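Single-letter residue listing:
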There are 2 protein chains.
Amino acid sequence: MLAVMSRDTLTADQIIRAAIELLDSEGLDGLNMRSLGKRLGSAATAIYWHIKTKDDLVRLAGDAVWNEVELPDLDSTNWRTAATAMATSMHAMLARHPWLGQAFGSHLLYGPGKARLDDHSLAIYEKAGFAAADADQAAGTVFVFVLGSALGPASQVSLTRRLGKNGADAERLLAETMSRAAEVAMEFPRLRERLDTAAAADYAMAPDGSFEFGLRAILDGLEARLAG
Amino acid sequence: MLAVMSRDTLTADQIIRAAIELLDSEGLDGLNMRSLGKRLGSAATAIYWHIKTKDDLVRLAGDAVWNEVELPDLDSTNWRTAATAMATSMHAMLARHPWLGQAFGSHLLYGPGKARLDDHSLAIYEKAGFAAADADQAAGTVFVFVLGSALGPASQVSLTRRLGKNGADAERLLAETMSRAAEVAMEFPRLRERLDTAAAADYAMAPDGSFEFGLRAILDGLEARLAG
DNA sequence: CAGCATAGTTGAACAAAGTTCAATCGCGCC
DNA sequence: GGCGCGATTGAACTTTGTTCAACTATGCTG
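Residues numbered from 1 in each chain as written. Chains lettered and ligands numbered in written order. Predicted model: local features only at pLDDT ≥ 70, side-chain atom pairs only at ≥ 80, totals over all residues. Heavy atoms only, no water.

Labelled according to an unreviewed UniProt entry, chain A appears under the name TetR family transcriptional regulator, originating from Planobispora siamensis.

Moving on, we get to the packing of aromatic side chains. Residues and elements named next belong to chain A. Within this structure, the stated rule accounts for eight aromatic pairs over all chains. By way of ring pairs, the aromatic residues Trp66, Phe104 and Phe143 are connected into one cluster. Positioned above the aromatic ring of Phe143, the side-chain terminus of Lys114 is 4.6 Å from the ring centre. (Phe/Tyr/Trp six-rings, centres within 6.5 Å; stacked < 30°, edge-to-face > 60°. Lys NZ or Arg CZ within 6 Å of the ring centre and 35° of its normal.)

Our focus in this paragraph is helix 12 (residues 210-227) of chain A. Under the 1.5 Å per step criterion, the end-to-end length of helix 12 of chain A is 26 Å for 18 residues, consistent within 8% with the ideal 26 Å. Taken residue by residue, helix 12 of chain A has Ser210, Phe211, Phe213, Gly214, Leu215, Ala217, Ile218, Leu219, Gly221 and Leu222 of chain A as its buried positions. (Helix = DSSP H or I, 4+ residues; strand = E, 2+ residues; numbered from the N terminus. Expected span 1.5 Å × (residues − 1). Buried < 20%, exposed > 50% of the residue type's maximum accessible area, 1.4 Å probe, protein only.)

Counting residues at the interface gives 65 residues for chain A and 65 residues for chain B. When the area that chain A buries against chain B is broken down by residue, the three leading residues are Leu108, Tyr110 and Phe213 of chain A, summing to 14%. In this structure, Glu126 of chain B engages Arg194 of chain A in a salt bridge whose closest nitrogen and oxygen atoms are separated by 3.1 Å. Counting across the chain A and chain B interface gives 20 residue pairs in polar contact (both at pLDDT 80 or more). Of all the elements in the fold, those that place two or more residues in the side of chain A that touches chain B are helix 4 (54-66), helix 6 (99-104), helix 7 (112-128), helix 8 (132-149), helix 9 (151-165), helix 10 (170-185), helix 11 (189-197) and helix 12 of chain A. Classifying every residue of the side of chain A that touches chain B gives 32 nonpolar, 17 polar and 16 charged. (Contact = heavy atoms within 4.5 Å. Buried area = accessible area lost by both parts, 1.4 Å probe. Salt bridge = Lys/Arg side-chain N within 4 Å of Asp/Glu carboxyl O. Polar contact = N/O pair within 3.5 Å; in protein donor to acceptor, adjacent residues only side chain to side chain. Nonpolar A, V, L, I, M, F, W, Y, C, P; charged D, E, K, R; others polar.)

Next up on the list: the nonpolar core. In this structure, Leu36, Tyr125 and Leu222 of chain A together with Leu36, Tyr125 and Leu222 of chain B are the most contacted members of the largest nonpolar core, which totals 140 residues. Counting only domains with at least three residues in this core, you end up with domain 1 (12-64) and domain 2 (69-228) of chain B. In contact with Leu222 of chain A, not counting residues within four places along its chain, are Trp79, Tyr125, Phe130, Ala138 and Val142 of chain A together with Phe213 and Ala217 of chain B. (Core = buried A, V, L, I, M, F, W, Y, C linked by side-chain atoms within 4.5 Å. Domains from an automatic or database assignment.)

What follows concerns the layout of surface pockets. There is about 1,400 Å³ of room inside the largest pocket. Taken together, 43 residues line the largest pocket, and the ones lying closest to its centre are Arg162 of chain A together with Asp55, Arg59, Ser106 and His107 of chain B. Contributions of two or more residues to the lining of the largest pocket are made by helix 4, helix 9 and helix 10 of chain A together with helix 4 (54-66) and helix 9 (151-165) of chain B. Tallied by class, the residues present in the lining of the largest pocket amount to 16 nonpolar, 10 polar and 17 charged. Shared between two domains, the lining of the largest pocket takes at least three residues from each, and those domains are domain 1 (12-64) and domain 2 (69-228) of chain B. (1 Å grid on protein atoms, 1.4 Å probe; cavity = no way out; pocket = protein on both sides within 12 Å on 5 of 7 lines; lining within 4 Å. Points joined across faces, edges and corners; volume = space filled by probe spheres on them.)

Neighbouring residues of DNA strand C: 22 residues in total, closest Thr9, Ala43 and His50 of chain A together with Arg34 and Lys54 of chain B. Backbone sugar and phosphate groups make up 50% of those atoms of DNA strand C lying within 4 Å of the protein. At 2.6 Å from a phosphate oxygen of DNA strand C is found a main-chain nitrogen or oxygen belonging to Ala43 of chain A. Contact distances for DNA strand C include 3.4 Å between a phosphate oxygen and a backbone N or O atom of Leu31 of chain B. Taken together, the elements giving at least two residues each to the surface near DNA strand C come down to helix 3 (47-50) of chain A together with helix 2 (33-40) of chain B. Grouping the amino acids of the surface near DNA strand C by side-chain chemistry returns seven nonpolar, eight polar and seven charged. (Near = heavy atom within 4 Å.)

Next up on the list: the relation of the copies chain A and chain B. When chain A is brought onto chain B, the operation consists of a screw motion whose angular component is 180° and whose axial shift is 0.0 Å, with 0.0 Å RMSD remaining. Viewed as a symmetry operation, the transformation between the two copies matches a two-fold axis. The share of interface residues of chain A whose copies in chain B are also at the interface is 100%, consistent with both copies meeting through the same surface. (Least-squares fit on C-alpha atoms with pLDDT ≥ 70 in both.)

A separate point is helix 2 (residues 33-40) of chain A. Residue and element names in this part refer to chain A. Within the sequence span of helix 2, burial applies to Met33, Leu36, Gly37 and Leu40. One side of helix 2 holds all its buried residues, which, seen down the axis, span an arc of 100°. When the buried face of helix 2 is taken as reference, the exposed residues oriented beyond 90 degrees from it are Arg34 and Lys38. With a side-chain oxygen lying 3.1 Å from the backbone nitrogen of Arg34, the N-terminal cap of helix 2 falls on Asn32. Immediately beyond the C-terminal end of helix 2, within one or two residues, lies Gly41, with a positive phi of roughly 70°. (Arc of directions from axis to C-beta.)

A few words on the confidence of the model for chain A. Averaged over every residue, the pLDDT of chain A is 90; the share at 70 or more is 89%. Every residue in residues 1-5 of chain A is under pLDDT 50, and counting partners more than four places away or in other chains gives zero contacts. (pLDDT = per-residue confidence, 0-100.)

Enumeration over the complete set of coordinates arrives at 24 salt bridges over all chains. The closest approach of N and O atoms between Asp56 of chain A and Arg59 of chain A, which form a salt bridge, is 3.1 Å. Here Asp56 of chain A pairs with Arg59 of chain A, and both are found in helix 4, just three residues apart, close to one helical turn. In this structure, Arg96 of chain A engages Glu68 of chain A in a salt bridge whose closest nitrogen and oxygen atoms are separated by 3.0 Å. In this pair, Arg96 of chain A sits in helix 5 (residues 79-96) while Glu68 of chain A sits in the loop between helix 4 and helix 5, placing the two residues 28 residues apart along the sequence. What makes Arg96 of chain A partly exposed here is its relative accessible area of 42%. Residues participating in the shared-partner salt-bridge network are Asp29 and Arg162 of chain A together with Asp55 of chain B.

Turning to the packing of helix 12 of chain A against helix 12 (residues 210-227) of chain B, a few remarks are in order. Where helix 12 of chain A meets helix 12 of chain B, the axes come as close as 7 Å, and the angle between the chain directions of the two elements is 100°. By the angle class used here, helix 12 of chain A and helix 12 of chain B are roughly perpendicular. Where helix 12 of chain A abuts helix 12 of chain B, its residues Phe213, Arg216, Ala217, Ile218, Asp220, Gly221, Leu222 and Arg225 of chain A lie against Phe213, Arg216, Ala217, Ile218, Asp220, Gly221, Leu222 and Arg225 of chain B. Its residues assigned to classes, the contact of helix 12 of chain A with helix 12 of chain B shows eight nonpolar, two polar and six charged. (Axes fitted to C-alpha atoms, helices over the stretch in contact; angles between N-to-C directions. Parallel < 35°, antiparallel > 145°, perpendicular 65-115°, else oblique.)

Below, the discussion takes up the environment of Leu10 of chain B. Residues and elements named next belong to chain B. For Leu10, the position within the fold is in the segment before helix 1 (12-26). Residues Leu10 and Ser42, 32 residues apart in the sequence, show an inter-C-alpha distance of 8.6 Å. If we skip the residues at most four places from it in the chain, Leu10 touches Ile15, Leu40, Ser42, Ala46 and His50.

And the structure:
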């Protein structure tokens, strides 16, 4: 039945796990087959026996990490607590795997992992009292917000890597980029005002606590619709 | 003063405009220096006289398209109408340039175009009555939602191009991908239910009207916070 | 136990794409 | 007419995804 291999042989799971590690540390464009092969202790081309293309690998890795999102129990909590917990867990997952946001913009990730998520989040909004079609859209709204929130950090990882590649000090160049952004912002009254108070460079990214703020606002809006 | 060139010579503006056209039709990974050169009627390497790197070009193109977003007049409308108009205009812009969502996840776009947008959107939420810090977060929430909404379509463009590259019929392969997604969804009760009613393949993307739905919910939530 | 089929690996090699560089071109100016 | 410099060119180098033919080792079958 199960063929037991004595030889040290690769498996798709092993490859996917290693790919996720590389993606986490190097970003979406830091993943390449040769260094992945090295990490696996085999030739880069051995991977192709198990996985069709790099795009496929990204899709598989992308779908795998959705499984890290915790699905709140719906029986013991009200919908809003559940919705908050799930969005927060997804947010945390995206912080661990910033490349997923990017991948979502280019690889059309849809597999069992994402389906598991979608199903549960629909359950939450149906429990809240939304009709099927509205539950769809409510879930989509939260999903899109959480995903969008991950793009800024993803950008930073990607950029740091790209800048650091050509020998130069990555941190310094990133800081430079940020300060150029600040310079641009200086020309606008409201942005300038912010630069005085807050850390200038952080402006391009989302300010602290903005995820919680946004999530609360969205759920408030959804809740209001239920009441109305 | 102004050096007038008789010879047909490239300008950065020309290059950026051509790059935007290519990006629109081919997606972020469809842009390459050689075909851009061809479109400009010059060697690919001539571009490097005017622009440092391809990454820079993407940043410049990305910042340029922000300028297509219309800034509503704040004196003649209430904040909510203005916020809706601006978000809708940005949504439309992203539909014209789906690659911008992707670029935002990898190139840390911040320039005059984006600053112009940020400034105006802060003005809207300050007018609404938010204190400076809250206006920041309110603006960020809407921004992230609109940006996130663009990732699905971007993904589709990117994928279509990638799939169509190797000779195969892009549409057919995309349909196949979608139906495989539908197959996965079949294993989950709530998703299956939707596949019965709606067009199955569209599920992975945002359903129709979900942008308007989400935007309304977010603004409802923000408005409630002002009242409370 | 010999030999064979087959799963799995390897390194060479190709193609696409970003970028560098030395050579050159052509325009305006002395 | 020749010089300088802004701008262009094509060749070439590098990185990276992928293919392919050769090879290896493992389990199976006679």
